[in-house]
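Fold and geometry: a report
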Amino acid sequence: MKKLPRLSAFIFLFSCCISCSADTANKQPVIPLSVDHVETHRVGDHLVRVIQHNMELLPQINLELLSVPAVSLIDSIAIDSIQLDGKKRRFSDSSGVFVEGITIENNSIQIKLDYYFSDEDAAMVNCSVRISDTLQPPECSKE
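As the structure is a computational prediction, the values presented were derived from the model and not from experiment.

A word on the overall build of the chain
- Along the backbone of the chain there are 1 helix and 10 strands.
- When the elements of the chain are put in sequence order from the N terminus, they spell out α-β-β-β-β-β-β-β-β-β-β.
- For the chain, the proportion of its 143 residues judged to be buried stands at 32%.
- For the chain, restricting intrachain contacts to residue pairs at least 6 apart in sequence, the fraction spanning at least 24 positions comes to 30%.

Here it is as structure tokens:
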């Protein structure tokens with residue numbers, strides 16, 4: 001009779017372990033594998049979240065404007081192309097785009113890109129995204 005409680009405890013523990021492993025077996029990662037870096041900054045009355053992706057896996061930068069104190073999404077943009085010298089330049093059509101730096105200055109996000117054009121040489125490109133009640137499209141120029 002004394003072995004029965006131990007056997008019951010073993011079965012209970014074993015079933016808990018199986019249910020835990022079965023619960024996590026079908027789940028996807030919470031953060032996509034393409035995400036390389038995430039930063040959050042305070043800008044005026046808002047928070048700005050900058051999500052950098054591995055540019056070889058998913059060539060884009062996501063920006064999110066969040067309200068505070070009850071954090072909720074106000075606006076977001078996915079930057080996967082830029083307007084430069086009157087042409088739309090898609091990151092995926094380039095020979096490579098690398099984020100050299102992202103900074104917050106006053107009410108704008110400054111993005112510095114090392115851009116390898118498919119039809120030209122490489123260039124350093126500076127982009128600015130103005131922050132108001134929404135996120136504006138990036139304004140870019142070569143250095």
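Details of the pattern of salt bridges
- Applying the stated criterion to the full structure yields 3 salt bridges.
- Between Glu64 and Arg49 there is a salt bridge, with its nearest N and O atoms 2.6 Å apart. Taken as a pair, Glu64 in strand E3 (residues 61–67) and Arg49 in strand E2 (residues 46–53) lie far apart in primary sequence, 15 residues in all.
- Look at Glu64 and you get buried, because its relative accessible area is 17%.
- Judged by its relative accessible area of 30%, Arg49 falls in the partly exposed class.
- A salt bridge links Asp85 to Lys142, with the shortest nitrogen-to-oxygen separation between them at 3.5 Å. Highlighted residues: Asp85 in the loop between strand E5 (81–84) and strand E6 (87–90) and Lys142 in strand E10 (residues 139–142), separated in sequence by 57 residues.
- The class for Asp85 is exposed, based on a relative accessible area of 59%.

Digging into the state of the cysteines
- Within the structure shown, the criterion is met by 1 disulfide.
- Residue pairing for Cys127: its cysteine sulfur links by disulfide to Cys140, the two sulfurs lying 2.1 Å apart. Between Cys127 and Cys140 the sulfur-sulfur dihedral comes to about 110°; the bridge is accordingly right-handed. One end of the pair, Cys127, is in strand E9 (residues 122–130); the other, Cys140, is in strand E10, and 13 residues separate them in sequence. Note on accessibility: Cys127 and Cys140 belong to one class, buried.

Examining the confidence of the model for the chain
- Summing up the model confidence of the chain, the mean pLDDT is 83 and the portion of residues at 70 or higher is 80%.
- Here residues 9–22 is modelled with pLDDT under 50, and outside its nearest four sequence neighbours on either side it reaches 0 contacts, counting other chains as well.

Some points on the sheet that holds strand E1 (residues 35–43)
- Pairing is antiparallel in the open sheet, where 4 strands are placed in the order E1-E2-E3-E4. Each of the sheet's edge strands pairs with one partner strand only, and the pair in question is E1 and strand E4 (72–79). Ignoring which end each strand starts from, the neighbouring axes of this sheet average 15° apart.
- Note: E3 against E4, 7 bridges, orientation antiparallel. Within E4, the residue paired with Leu63 across the bridge is Ile77.

Cut-off values and rules
Residues numbered from 1 in each chain as written. Predicted model: local features only at pLDDT ≥ 70, side-chain atom pairs only at ≥ 80, totals over all residues. Heavy atoms only, no water. Helix = DSSP H or I, 4+ residues; strand = E, 2+ residues; numbered from the N terminus. Buried < 20%, exposed > 50% of the residue type's maximum accessible area, 1.4 Å probe, protein only. Contact = heavy atoms within 4.5 Å. Salt bridge = Lys/Arg side-chain N within 4 Å of Asp/Glu carboxyl O. Disulfide = S-S within 2.5 Å. pLDDT = per-residue confidence, 0-100. Pairing = 2+ DSSP bridges. Axes fitted to C-alpha atoms, helices over the stretch in contact; angles between N-to-C directions.

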